[in-house]
Amino acid sequence: MAFVKKKERSKERFSLLLLDLEEYYFEQHTAYRVIHNNEAEKSKVRGSLKICSKSLIFEPEPIAEPIIKIPLRDCIKIEELDQKEQNPFIEKKEDEFTVLCRQVCYIKENNIVAPHKILRGEHEFFFQLEASGKTEDVVQTLLQLYRASCLDKLGDQTAMIEANLQSRLARTSFDKNSFQCVSEKPHMECEAEMVTPLVTNPGHVCITDQNLYFQPLSGYPEPVVQIKLRSIRRIYKRRHGLRPLGLEVFCTENDLCSDVYLKLYNSKDRDELYYYIATFLENHMAEHTAESYMLQWQRGHITNYQYLLHLNNLADRSCNDLSQYPVFPWVIADYSSAELDLMNPETFRNLSKPVGALNEERLERLLERYRDMPDPKFIYGSHYSSPGYVLFYLVRVAPEYMLCLQNGRYDHADRMFNSIAETWKNCLDGATDFKELIPEFYGSDPSFIVNSLKLDLGKKQGGKMVQDVHLPPWANDPEGFLQKNREALESQYVSEHLHEWIDLIFGFKQKGSEAIAAHNVFHPLTYEGSIDCDSIEDPDQKIAMLTQILEFGQTPTQLFTSPHPQRITPKFQNQSRTPSRSTSFHELSPASTSQDSSFEDLTEESKKLSWSNIRKLKMVSKNKIHKEAVTGVAVTCNGSSVFTTSQDSTLKMFSKESNALKRSMSFSNMALSSCLMLPEDTTVVCSSWDNNVYFYSVAYGRRQGTIMGHDDAVSKICWRDNRLYTASWDSTVKVWSCTPDDISSNNRNQFQLLAELEHEAGVNAMHLNPAGTMLVSATKEGSVSIWDITTFGLLHQVSCHSGTVYDIAFSPDSRHILSVGENRCLKVIDVQTGMLISSVVSEEQQRCFCWDGYTVLSGSQSGELMIWDLIAGKFTERIPGHSGPVTTMWMNEQCSSVITGGEDKQIIFWKLQF
């Protein structure tokens, strides 16, 4: 429906939809249809004569007169009339040519859109061009196209027409007089076709330093289409006819239909055009990925509807290509109740199953056939989206498209889109009906379910005319029906289960063994890459195969190869516990209790306020207390004392109150890599490159214990619930049981090894989730491992970076993990599925960070603090700081104070200035 409104350009009756599928409109001439009433009398009707690759079309000026379409294959004779009278004293007859045919089609009589009227039998038409000198050329062109249409083999017909088209394109070029500005500099020009639903229009593309132009060969529907490069907001590469030749351009952020869809003749031209336009789009390549949209959706920054539109766009679905029209799910299963209860799960369709598997009895019959079928097997012989299904829904607003698709006819009245409930029932019970919905069902324009054009769509068997679509009892009117659909799509139930449907349509259950297990197997020709049309040598077979693929429907491009994460819905937000492998996400409960909820709410509000103002972080003081790079920061509960470690092998205590160094301690002659403060500020734990972990007593000012548990440098340490976690370059993370009391009493048996977590490379970074139920570790080779600490089992392992991971951390709600690495990327992983859902590339390496799940404060290689908006996928602020790489960062619980350390040997104190 969006494409219908977008393409309404003029009041003229002719449209490319009057052509056959895969037919081209070449040229037009002002002409007269000459009607010979008798030998002495004749009348003329002025109009436009259209020469097309498979037909001759005459559009008369009087709208009461029908458009005449003569298929060239049905012609018996096309010839110019002889000029027999040569007497110079008698006025010369005007040139005429005649067309004798076996069949003619009358269209839009009285300008009414209706099924085409086809008259069989011999009919002769006489035409006279207003520019009479062109008559011979026109006749020769028609004869050439007639010969092509009469060839026995479809492949030969197509080849001859294509040769004619390419010859026309080669003889013409883009008219540079169409430039909007004389100073424009052309970048490239090539031949292309403008794609609209069911038709393609050949012409020339020209792109300059200011505009993108398309000039149709026929000058229709307008002499030139022009788009300012600076107004372009989105561009997508498309596969058209299963080949990577398409390019779609949008000048809006959210419009369903693009401003132009171009099909180039080779992928090299397409790619050059794409990358040239992309240079005019800020962060285009980083923003428009499935992963970046996924993170926005998970966090509630875009709606379910918006997310599905983005996924459709990224999966090659376009409103300009009905064989790849955007696909949306049926979500409501109740079309009989007087009221729609969106709190009742029974109201909704099971989104984990394809439409064909919703009825178990029908599915069993289909599976019986599937088991007996030779390879390649398929469960469903028809698709969930095809041109016929799209126009089934949209016939009331796009009747000409339906007539084009079905050779000038509507479908039988009883098979039309008559009732929402009946359509749903047929999708559940029909032997070959497995269709999903289109985005219009969740839009705001109900015209597609109302026969406002007063179309004659036929009479059903009961004698009733097809009019408006019958709505379910719970919908008072068409607007109310769409409103309820939108509410259902954005409901709690659908938000919690939409990822299951995405797995089927765009994700890991689309193909292979997972698709078989999910009963989600369609005809092989619907899948991308199932057949290489260029390898088919027989032109007839090739064209038949392409036609079948385009009309049958196509499966979207696969976007995800692992399970799609669930949305973070309000029911589950702000929870600190995250499940182990055996725990269902639906069994989670908030970790806080009622008695401390008000305190937690206050703390959360304080954190939100701080992060919303993080750009106002100001430097308070700068102190150079080490001789080498600072590697760790730990702070006492009251914030008065700051402990730091360094590659100079020392642990130092700095007093914030007196702004002076108070203590310095060295455990060995090798670098210290990190430090942390144990509860009650009694002990500082330090990790060292000498393979050991040291315990320093704050009260006594001396070393209190040592763990000698690794075969290489200890890179990172974490503490939670009397457990110490030590990560090492020896490729292990070890878990130790110990209590602060045992350490204080110098108990010889205070350290008990509980587990050893093996890795394939040295572990460089590590973090515990807030609840202490999961641990994430990252290696020097870029892999990230997520561990269930209750069982010490590996949940997920993700190849995340190329090179060392510098820092890694859970989000406060434990739903996501962020990592930064040597390859200059910030990567977000979904904890539930282990899927990499976002990647942002930085200009330089980020060495350490703090984040709230949305915004990141990172320390960069250049020494600046950088603020990143992960939802937008870009950095928003730069704050000058160190004179070398920032190596460590500490943030207080309220997120209002920050301490950073760097390779410049300094520690810097920062404070938010509200």
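Owing to the predicted nature of the structure, the values given are computational and were not obtained by experimental measurement. (Residues numbered from 1 in each chain as written. Predicted model: local features only at pLDDT ≥ 70, side-chain atom pairs only at ≥ 80, totals over all residues. Heavy atoms only, no water.)

Novice: Where do I start with empty space enclosed by the protein in this structure?
Specialist: Rolled over the atoms, a probe as big as a water molecule pinpoints where empty space is left. Enumeration according to the criterion identifies six cavities of 30 Å³ or more in this entry. For the largest cavity, the calculated volume is near 70 Å³. Around the largest cavity, the lining residues are Leu17, Leu18, Ile107, Lys108, Val113, Ala114, His116, Glu400, Leu403 and Cys404. Broken down by element, the residue count for the lining of the largest cavity peaks at three residues, all from helix H10 (residues 399–405). (1 Å grid on protein atoms, 1.4 Å probe; cavity = no way out; pocket = protein on both sides within 12 Å on 5 of 7 lines; lining within 4 Å. Points joined across faces, edges and corners; volume = space filled by probe spheres on them. Helix = DSSP H or I, 4+ residues; strand = E, 2+ residues; numbered from the N terminus.)

Novice: How should I be thinking about the sheet that holds strand S32 (residues 805–810) in this particular structure?
Specialist: Sheet strands line up and pair through hydrogen bonds in the backbone, either parallel or antiparallel. Read across the open sheet, the four strands follow the order S32-S33-S34-S35; overall the sheet is antiparallel. With one partner strand each, in any of the chains shown, S32 and strand S35 (836–841) form the two edges of the open sheet. Strand-to-strand twist of the sheet, defined as the mean angle between neighbouring strand axes without regard to direction, takes the value 15 degrees. This element, helix H6 (residues 290–298), spans strand S33 (816–821), strand S34 (825–830) and S35 of the sheet and lies at about 115 degrees to S35. (Pairing = 2+ DSSP bridges. Axes fitted to C-alpha atoms, helices over the stretch in contact; angles between N-to-C directions. Contact = heavy atoms within 4.5 Å.)

Novice: For this particular structure, what's the right way to read the pairing of strand S29 (residues 774–779)?
Specialist: Successive side chains on a regular strand alternate, one facing one side of the sheet and the next facing the other. Most of S29 sits out of view: six of its six residues are buried. The two faces of S29 match: Met774, Val776 and Ala778 on one face and Leu775, Ser777 and Thr779 on the other face are all buried. In this structure, strand S28 (residues 763–768) lies alongside S29, joined through five bridges in antiparallel fashion. By the bridge assignment for S29, His767 is matched with Val776. The turn linking S28 back onto S29 is made up of five residues, and Gly772 within it adopts a positive phi angle of 75 degrees. Pairing geometry for S29 and strand S30 (residues 783–788), over five bridges, is antiparallel. The residue of S30 that forms the bridge with Ala778 is Val784. The hairpin formed by S29 and S30 contains three residues between the paired strands, and Gly782 there has a positive phi angle of roughly 95 degrees. (Buried < 20%, exposed > 50% of the residue type's maximum accessible area, 1.4 Å probe, protein only.)

Novice: Sorry, what's going on with the environment of Val249 here?
Specialist: Of note, Val249 is situated in strand S13 (residues 243–250). Given a relative accessible area of 0%, Val249 falls into the buried group. Distance from Val249 to Cys738, taken between C-alpha atoms, is 61 Å for residues 489 residues apart in sequence. The residues touching Val249, leaving out its near neighbours within four places in the chain, are Leu212, Ile227, Ile232, Arg234, Ile235, Ser258, Asp259, Val260 and Ile277.

Novice: Looking at this model, I keep getting lost on the sheet that holds S28. Mind explaining?
Specialist: Taken in spatial order, the four strands line up as S28-S29-S30-S31 in an open sheet, and their pairing is antiparallel. Edge positions in the open sheet fall to S28 and strand S31 (793–799), since each of these has one partner strand only. Neighbouring strand axes in the sheet, compared pairwise and without regard to direction, differ in orientation by 20 degrees on average.

Novice: Can you walk me through the state of the cysteines in this structure?
Specialist: Cysteine pairs can be linked by a disulfide, which is a covalent bond between their two sulfur atoms. Going through the model one piece at a time under the given rule, you end up with zero disulfides. The thiol of Cys319 is unpaired, and the distance to the nearest cysteine sulfur, on Cys257, comes to 5.0 Å. Accessibility expressed as a relative area gives 1% for Cys319, which makes it buried. In this structure Cys686 is not part of a disulfide, and its nearest cysteine sulfur, from Cys675, lies 5.6 Å away. You can call Cys686 buried: its relative accessible area is 0%. (Disulfide = S-S within 2.5 Å.)

Novice: Sorry if this is basic, but what is going on with the packing of aromatic side chains here?
Specialist: Note on aromatic pairs: each is described by the distance of the centres and the angle between the planes. Using the criterion set out here, one finds 40 aromatic pairs in the structure. Three or more aromatic residues link up through ring pairs in this structure, and these residues are Trp330, Tyr335, Phe392, Tyr393, Phe417, Trp424, Phe441, Phe448, Trp474 and Phe481. For the cation-ring pair, Lys44 lies above Tyr32, with the distance from its terminal atom to the ring centre recorded as 5.6 Å. (Phe/Tyr/Trp six-rings, centres within 6.5 Å; stacked < 30°, edge-to-face > 60°. Lys NZ or Arg CZ within 6 Å of the ring centre and 35° of its normal.)

Novice: Just to check I follow, could you spell out the packing of helix H7 (residues 304–314) against helix H13 (residues 492–505) for this structure?
Specialist: Packed helices, taken two at a time, are described by their axes: the angle between them and the distance between them. Two numbers describe how H7 lies on H13: the axes approach to 11 Å, and their chain directions differ by 15 degrees. Viewed along their axes, H7 and H13 adopt a mutual orientation that is roughly parallel. Relative to H13, H7 is oriented so that their crossing is right-handed. Where H7 approaches H13, its residues Asn304, Tyr307, Leu308 and Leu311 are matched on the opposing element by Val494, Ser495, Leu498, Trp501 and Ile502. Split by residue class, the contact of H7 with H13 holds seven nonpolar, two polar and no charged. (Parallel < 35°, antiparallel > 145°, perpendicular 65-115°, else oblique. Left-handed = near helix turned anticlockwise from the far one by under 90°. Nonpolar A, V, L, I, M, F, W, Y, C, P; charged D, E, K, R; others polar.)

Novice: Just to check I follow, could you spell out helix H3 (residues 154–171) for this structure?
Specialist: An α-helical turn contains 3.6 residues, so a residue and the one three or four places further along point in the same direction. For H3, built from 18 residues, the straight-helix expectation of 26 Å at 1.5 Å per residue is met to within 8% by its first-to-last C-alpha distance of 26 Å. Along H3, the residues that are buried comprise Gly155, Gln157, Ile161, Asn164, Leu165, Arg168 and Leu169. Packing partners of the buried residues in H3 comprise strand S1 (25–36), helix H2 (135–149), strand S8 (186–196), strand S9 (199–208) and helix H15 (539–552). (Expected span 1.5 Å × (residues − 1).)

Novice: What is the right way to look at the pairing of strand S17 (residues 641–646) in this model?
Specialist: In terms of burial, S17 is a largely internal element, six of the six residues being buried. On S17, burial covers both faces: Ser641, Phe643 and Thr645 on one face and Val642, Thr644 and Ser646 on the other are all buried. Examined bridge by bridge, strand S16 (residues 630–635) and S17 share five bridges and lie antiparallel to one another. Bridge pairing links Ala634 to Phe643 in S17. Where S16 hands over to S17, the hairpin turn is made up of five residues, of which Gly639 adopts a positive phi near 75 degrees. Bridge analysis of S17 against strand S18 (residues 650–655) gives five bridges, and the strand direction is antiparallel. Note on S18: the bridge partner recorded for Phe643 is Met653. Counting the residues that bridge the hairpin from S17 to S18 gives three residues, and of these Ser649 lies at a positive phi of roughly 80 degrees.

Novice: Mind showing me how you'd approach the side chain of Thr900 here?
Specialist: With respect to the helices and strands, the residue Thr900 is situated in strand S41 (residues 897–902). Note on Thr900: relative accessible area 0%, which makes it buried. Polar side-chain contacts of Thr900 include one of 2.8 Å to the side chain of His882. (Polar contact = N/O pair within 3.5 Å; in protein donor to acceptor, adjacent residues only side chain to side chain.)

Novice: Just checking my understanding: could you explain unusual backbone geometry for this structure?
Specialist: For residues other than glycine, phi is negative in most cases, and the peptide bonds are mostly trans. At the junction of Tyr220 and Pro221, the peptide bond is cis and its omega measures out at 5 degrees in the coordinates. Considering the arrangement of structural elements, one finds Pro221 in the loop between strand S10 (211–216) and strand S11 (225–228). Each neighbour pair has its own omega, and for Asp375 with Pro376 the value is -5 degrees, a cis peptide bond. Along the chain, Pro376 falls in the loop between helix H8 (360–371) and helix H9 (387–394). Notably, His519 is not glycine yet its phi reads approximately 55 degrees, a positive angle. Within the secondary structure layout, His519 lies in the loop between helix H14 (512–517) and H15. Positive phi is not limited to glycine here, since Phe792 has a value of about 60 degrees. As for its position among the elements, Phe792 is in the loop between S30 and S31. For Phe792, a relative accessible area of 24% translates into the label partly exposed.

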